[in-house]
Amino acid sequence: MSLKVWVPSHEDFLDDETKQQYTIYTVKVQKQIEKGKKVVTWELKKRFSAFSDLYSATKDKYEARLGTYLFPNKSMFNTFSQFTKDRRLMGFNELLLILIKIDPLPMLLEDFLEIDDNINLYDNKSPSGYGKPNFLSKSSKSNNQVVETVLERPVVPSTELDEINKKLNMYL
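Residues numbered from 1 in each chain as written. Predicted model: local features only at pLDDT ≥ 70, side-chain atom pairs only at ≥ 80, totals over all residues. Heavy atoms only, no water.

Student: Please provide a residue-by-residue account of the side chain of Thr 26, values included.
Tutor: Secondary-structure assignment places Thr 26 in strand S2 (residues 21–33). Look at Thr 26 and you get buried, because its relative accessible area is 5%. There is a polar contact of 2.9 Å between the side chain of Thr 26 and the side chain of Lys 45. Residues in contact with Thr 26, not counting those within four places in the same chain, are Trp 6, Val 7, Pro 8, Ser 9, Glu 43, Leu 44 and Lys 45. (Helix = DSSP H or I, 4+ residues; strand = E, 2+ residues; numbered from the N terminus. Buried < 20%, exposed > 50% of the residue type's maximum accessible area, 1.4 Å probe, protein only. Polar contact = N/O pair within 3.5 Å; in protein donor to acceptor, adjacent residues only side chain to side chain. Contact = heavy atoms within 4.5 Å.)

Here it is as structure tokens:
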């Protein structure tokens, strides 16, 4: 199984009801299926709390693998500063990079990445499954969108991944 995961960006939103600002992080997932011939790519929208829940649920069990990893905690005063959001983005990339190297893949990570749901969407080829994501809800659960269904070869935007890896290497 080939799996690639990265967090390329974030976006700010304002809750219409509460008038509170929050940040959504885009998670891109690429999974090779059918003995390496096909790749399914999808995009998820996750809030800080979803990453925090994933880290909290995995930190004790995978303590040795996480080593000196430091989760990018919430900031009391700079929650919406560009620096804080970029620091979190790099921290989320590092966490996912560590977790996807665990064999077998932790079930908590599979759930976080919604792997079964997206593979089932691909298998069923249901047009109704390819709608726009509803990621503006306050829930940490996200709806997803299959970005590309079938590709003949893996297409990871190498410039995107190279840039993220360079930033991560600066902090490791």
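Student: Hey, could you go over the nonpolar core for me, with residue numbers and the actual values?
Tutor: Within the largest apolar cluster, 33 residues are counted, with the highest numbers of intra-cluster contacts made by Val 27, Phe 51, Leu 96 and Leu 113. Elements represented by at least two residues in this core include exactly strand S1 (2–14), S2, strand S3 (38–47), helix H1 (48–58), helix H3 (82–100), helix H4 (107–113) and helix H5 (115–124). The residues contacting Leu 96, other than those within four sequence positions of it, are Val 5, Val 7, Val 27, Phe 51, Leu 54, Leu 109 and Phe 112. (Core = buried A, V, L, I, M, F, W, Y, C linked by side-chain atoms within 4.5 Å.)

Student: Account for the pairing of S1, naming residues and giving values.
Tutor: Here 11 bridges tie S1 to S2, and the two strands are oriented antiparallel to one another. When the sheet's bridge partners are listed, Ser 9 is paired in S2 with Thr 26. (Pairing = 2+ DSSP bridges.)

Student: Account for the environment of Leu 105, naming residues and giving values.
Tutor: Position of Leu 105 among the secondary structure elements: in the loop between H3 and H4. Exposure remark for Leu 105: the relative accessible area of 10% places this residue in the buried category. For Leu 105 and Leu 3, which are 102 residues apart along the polypeptide, the C-alpha to C-alpha distance reads 9.9 Å.

Student: Outline the pattern of salt bridges, listing residues and values.
Tutor: Tallied over the full model, the rule gives 3 salt bridges. The partner of Asp 12 in a salt bridge is Lys 85, and the shortest N-O contact between them spans 2.5 Å. You can see Asp 12 sitting in strand S1 and its partner Lys 85 sitting in helix H3, a full 73 residues away along the chain. A relative accessible area of 4% places Lys 85 in the buried class. The shortest N-O distance in the salt bridge between Lys 45 and Glu 43 comes to 3.3 Å. (Salt bridge = Lys/Arg side-chain N within 4 Å of Asp/Glu carboxyl O.)

Student: How would you sum up the packing of H1 against H3? Please name residues and give values.
Tutor: In contact at an axis separation of 11 Å, H1 and H3 are set at 40° when each is read in the N-to-C sense. As judged from the angle between their axes, H1 and H3 are oblique. Considering only the axes of H1 and H3, their crossing is left-handed. Packed against H1, whose contacting residues are Phe 48, Phe 51, Leu 54, Tyr 55 and Thr 58, the element H3 presents Arg 88, Phe 92, Leu 95, Leu 96 and Leu 99 at the interface. (Axes fitted to C-alpha atoms, helices over the stretch in contact; angles between N-to-C directions. Parallel < 35°, antiparallel > 145°, perpendicular 65-115°, else oblique. Left-handed = near helix turned anticlockwise from the far one by under 90°.)

Student: An account of unusual backbone geometry is needed here, citing residue identities and associated values.
Tutor: In this chain, Asp 103 is followed by Pro 104 through a cis amide linkage whose omega measures 0°. Positive phi values are uncommon outside glycine, yet Lys 19 reaches one of about 65°. Within the secondary structure, Lys 19 sits in the loop between S1 and S2. Of note, the phi angle at Glu 114 is positive, near 55°, even though the residue is not glycine. Within the secondary structure, Glu 114 sits in the loop between H4 and H5.

Student: Could you give an account of the packing of aromatic side chains, with specific residues and numbers?
Tutor: Enumeration over the complete set of coordinates arrives at 10 aromatic pairs. Between Tyr 25 and Phe 51 the ring centres are 6.2 Å apart and the planes differ by 85°, which places this aromatic pair in the edge-to-face class. With Tyr 25 in strand S2 and Phe 51 in helix H1, this residue pair connects regions lying 26 residues apart in the sequence. As far as the burial class goes, Tyr 25 and Phe 51 line up, both buried. Ring geometry for Phe 51 versus Phe 92: centroids 3.9 Å apart, planes at 0°, classification stacked. Taken together, the residues Phe 51 in helix H1 and Phe 92 in helix H3 connect sequence positions 41 residues apart. Neither residue differs from the other here; Phe 51 and Phe 92 are each classed as buried. Put simply, the rings of Tyr 25, Phe 48, Phe 51, Tyr 55, Tyr 69, Phe 71, Phe 92 and Phe 112 touch in pairs and so form one group of aromatic residues. One cation-aromatic arrangement involves Lys 46 over Phe 112; the distance from NZ or CZ to the ring centre is 4.6 Å. Sitting over the face of the ring of Tyr 22, Arg 47 holds its NZ or CZ atom 4.1 Å from the ring centroid. (Phe/Tyr/Trp six-rings, centres within 6.5 Å; stacked < 30°, edge-to-face > 60°. Lys NZ or Arg CZ within 6 Å of the ring centre and 35° of its normal.)

No statement about biological role is implied by the geometric values presented.
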